[in-house]
Amino acid sequence: MYRNIAQEIIKSIMAEEYVTKLPTEKVLMERFDASRNTIRKAIDVVFRHGLLRRVQGSGNFIIKQPQNGNPVLNLSIGFDQAAMVAGGPLVSKIVTFDKVKADDALAKQGNIAVGEELYRVVRLRYLKDALYSLEESYFPRSVVPFLSEESVQHSIFTFLREAYGIVGSTTENYVHQVRLNAQRAKLVGAPTGDKTMCLDGINYLTNGTVFNFSKTFFIYEELELYYHTENIDLQD
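Reading the values: rules and limits
Residues numbered from 1 in each chain as written. Predicted model: local features only at pLDDT ≥ 70, side-chain atom pairs only at ≥ 80, totals over all residues. Heavy atoms only, no water. Axes fitted to C-alpha atoms, helices over the stretch in contact; angles between N-to-C directions. Helix = DSSP H or I, 4+ residues; strand = E, 2+ residues; numbered from the N terminus. Parallel < 35°, antiparallel > 145°, perpendicular 65-115°, else oblique. Left-handed = near helix turned anticlockwise from the far one by under 90°. Contact = heavy atoms within 4.5 Å. Nonpolar A, V, L, I, M, F, W, Y, C, P; charged D, E, K, R; others polar. Polar contact = N/O pair within 3.5 Å; in protein donor to acceptor, adjacent residues only side chain to side chain. Core = buried A, V, L, I, M, F, W, Y, C linked by side-chain atoms within 4.5 Å. Buried < 20%, exposed > 50% of the residue type's maximum accessible area, 1.4 Å probe, protein only.

**Q** Before we go on, may I ask you to explain the packing of helix α1 (residues 2–14) against helix α3 (residues 36–48) in this structure?
**A** The axes of two packed helices give the description: the angle between them and the distance between them. Running from N to C, α1 and α3 cross one another at 55 degrees; their axes reach a closest spacing of 8 Å. Our classification of the angle between α1 and α3 gives oblique. Crossing geometry of α1 relative to α3 is assigned as right-handed. The residues of α3 that touch α1, namely those facing Y2, I5, A6, I9, I10 and I13, are T38, I39, K41, A42, V45 and V46. Looking at the contact of α1 with α3 residue by residue, the classes come out as ten nonpolar, one polar and one charged.

**Q** Sorry if this is basic, but what is going on with the environment of V188 here?
**A** Mapping V188 onto the fold places it in helix α6 (residues 182–188). Remark: the alpha-carbon pair of V188 and I219, spanning 31 residues in sequence, is separated by 7.6 Å. Once residues lying within four places of it in the same chain are set aside, the contact partners of V188 are L124, L131, L134, L180 and I219.

**Q** Would you take a moment to explain the environment of D200 for this structure?
**A** With respect to the helices and strands, the residue D200 is situated in strand β8 (residues 195–204). As for D200 and K215, which are separated by 15 residues in sequence, their C-alpha atoms are 4.6 Å apart. Dropping the residues within four chain positions of it, D200 is found in contact with E172, N173, Y174, H176, S214 and K215. A distance of 3.3 Å separates polar atoms of two side chains, one belonging to D200 and the other to H176.

**Q** What is the right way to look at the nonpolar core in this model?
**A** The nonpolar side chains of soluble globular proteins are, as a tendency, buried together. If you look at the biggest cluster of nonpolar residues, it comprises 19 residues, and the most contacted ones within it are I9, I13, L22, V46 and L52. Elements with a minimum of two residues in this core: α1, α2 (25–32) and α3. For this core, the element with the highest residue contribution is α3, accounting for six residues. By size, the runner-up hydrophobic cluster in this structure holds 14 residues, among which are F139, V144, L205 and F211.

Below is the structure:
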């Protein structure tokens, strides 16, 4: 339950319903009809997603995004990051939706076995009518039993949570620059060989099973990245 509450709080922050700070725990308890412990666990999730700054005795303050007007991708959010970009939600155009078997390259990319059957979803994603990204996602059918074309039009992670109770535990992200090959360049309307930022991601369940891996090529101009960490005092 607390994860669902955390997601609703995140959506409210993204929609600027909460501008300066979160409401008190009591107010949130009433809004979500939840216990204090559940609300505190939900707030912890939102904090770990890099959206809050805790001030002892004063509450949980919203971390402000830069005021230059550029879209910001919060890498601390983890699952379905693209849907959480400020200024969203994103609108999807399905390019490919089918089933494939993992070859050597896909097996290495997704940390899975060669030959494993996968759902493949390739989408162009738009932010306010402008092309935001090209996303190539894979879902092992041994973990995700069914996806429909309708379910991949929107947030696939929301569908997986609501339909199957699949909730991710950890994410591994790798951000790097790549050159677009001819096929990808044609999809995004860019010259072959153009450089773009690419996010490779692998999402795991609590038992360590991969339920999704992907490559996202960001096309949107002036996109900025944000990442939140907690300081650890390392002693010699």
